[in-house]
Amino acid sequence: MKEPVCLQESSSTFIVKWTKSRSNCIKVSIDGGSKGNPGSSGGGGVIRNDDDDVVCAFSEFYGDCSKNMAEAKAMLQGIIICKDRINEHIIVEICRQRNCTVSHIFREGNSVVDILANLGEKMKNKRVFNDVTSLPNDIRAAVMIDKEWISSFRFNPKKKQFVVDDVPID
């Protein structure tokens, strides 16, 4: 006799880690967040050279806005800071050949900027850190973890899905 159609919970876990930039590139990693969406929002970013060294970092408070708006504002702020410090065409990941790449990374692989974005929202101000030694201790620790290529785990929440004869149906 066949099993009836039922609803099961499933979850998945996978490894995520930050990846360094290509040779001769400056990498700008950003994050923005909103408590409430829309709600009190902040953003942050870190700019690293191709040796994974922090060139600059920032956190900023954006007031009430959506998460998408906070992400866009953080991206713009990262580009502005780079433009003031690096005399080249810049968009998110900067290469000397003027090739640009915009990519997504999970929060677990981008913990430095996740902490910076939350700091911006929490402190309700704008801060620019001109080197790694000026960063708060928790952010410096996250930078060191990235530089050592230590992986994090991403746990997807359980979701309900239909199953027929032990085969999930999406």
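What you see is a predicted model, and the numbers here were worked out from it, not measured in a lab.

## Section: the overall build of the protein chain
The number of helices and strands found in the protein chain is three helices and 11 strands. Counting from the amino terminus, helix and strand elements in the protein chain follow one another as β-β-β-β-β-α-β-β-α-β-α-β-β-β. Counting only residues that meet the buried cut, the protein chain has 38% of its 170 residues in that class. Long-range contacts, defined here as pairs at least 24 residues apart, represent 66% of the contacts in the protein chain between residues at least 6 apart. Carbon and sulfur atoms make up 54% of the accessible area of the protein chain, which totals about 10,100 Å².

## Overview of the pattern of salt bridges
If you walk through the whole model with that rule in mind, you get five salt bridges. Here Glu71 and Lys67 are joined by a salt bridge, their closest N and O atoms 2.6 Å apart. You can see Glu71 and its partner Lys67 sitting in helix H1 (residues 67–85), four residues apart, about one turn around the helix. One salt-bridge network, held together by shared partners, links Asp31, Lys67 and Glu71.

## A word on the state of the cysteines
The tally for this structure, following the rule as stated, stands at zero disulfides. Sulfur of Cys56: no disulfide; nearest cysteine sulfur belongs to Cys82 and is 7.7 Å away. Assessed through its relative accessible area of 0%, Cys82 is described here as buried.

## Observations regarding the pairing of strand S4 (residues 39–48)
S4 sits mainly inside the fold: 10 of its 10 residues count as buried. Bridge count between strand S3 (residues 25–35) and S4: nine bridges; the pairing is antiparallel. Considered in S4, the bridge of Val28 is made with Ile47. Looking at chain direction, S4 and strand S5 (residues 54–65) are connected through 10 bridges and run antiparallel. Residue pairing across strands places Gly39 opposite Cys65, the latter belonging to S5. In this antiparallel pair of consecutive strands, S4 and S5, the connection spans five residues, and Asp52 shows a positive phi of 70 degrees.

## So, unusual backbone geometry
The omega angle of the peptide bond from Asn37 to Pro38 is 5 degrees, so this bond is cis rather than trans. The phi torsion at Asp52 lies on the positive side, around 70 degrees, for a residue other than glycine. Along the chain, Asp52 falls in the loop between S4 and S5. If you check the backbone angles, Lys124 has positive phi at about 55 degrees while not being a glycine. By the secondary structure assignment, Lys124 is in the loop between helix H2 (111–123) and strand S8 (126–129). Relative accessible area serves as the criterion here: at 43%, Lys124 is assigned to the partly exposed category.

## Comments concerning a nonpolar patch on the surface
Taken together, the side chains of Ile15, Phe153 and Phe155 present a nonpolar region at the surface, about 370 Å² in accessible area. Of note, Ile15 is situated in strand S2 (residues 13–16). Judged by relative accessible area, Ile15 falls into the exposed class, the value being 55%.

## Considering the environment of Ala74
Its place among the elements puts Ala74 in helix H1. Measuring from C-alpha to C-alpha, the distance between Ala74 and Gly45 comes to 6.8 Å, with 29 residues separating the pair along the chain. With sequence-adjacent residues up to four places away left out, Ala74 is seen in contact with Ile30, Asp31, Gly43, Gly44, Phe58 and Tyr62.

Calculation rules
- Residues numbered from 1 in each chain as written.
- Predicted model: local features only at pLDDT ≥ 70, side-chain atom pairs only at ≥ 80, totals over all residues.
- Heavy atoms only, no water.
- Helix = DSSP H or I, 4+ residues; strand = E, 2+ residues; numbered from the N terminus.
- Buried < 20%, exposed > 50% of the residue type's maximum accessible area, 1.4 Å probe, protein only.
- Contact = heavy atoms within 4.5 Å.
- Areas by Shrake-Rupley, 256 points an atom, 1.4 Å probe, with all protein chains shown as cover.
- Salt bridge = Lys/Arg side-chain N within 4 Å of Asp/Glu carboxyl O.
- Disulfide = S-S within 2.5 Å.
- Pairing = 2+ DSSP bridges.
- Patch = residues over 30% accessible without salt bridge, like charges linked within 9 Å, V, L, I, M, F, W, Y side chains within 5 Å.

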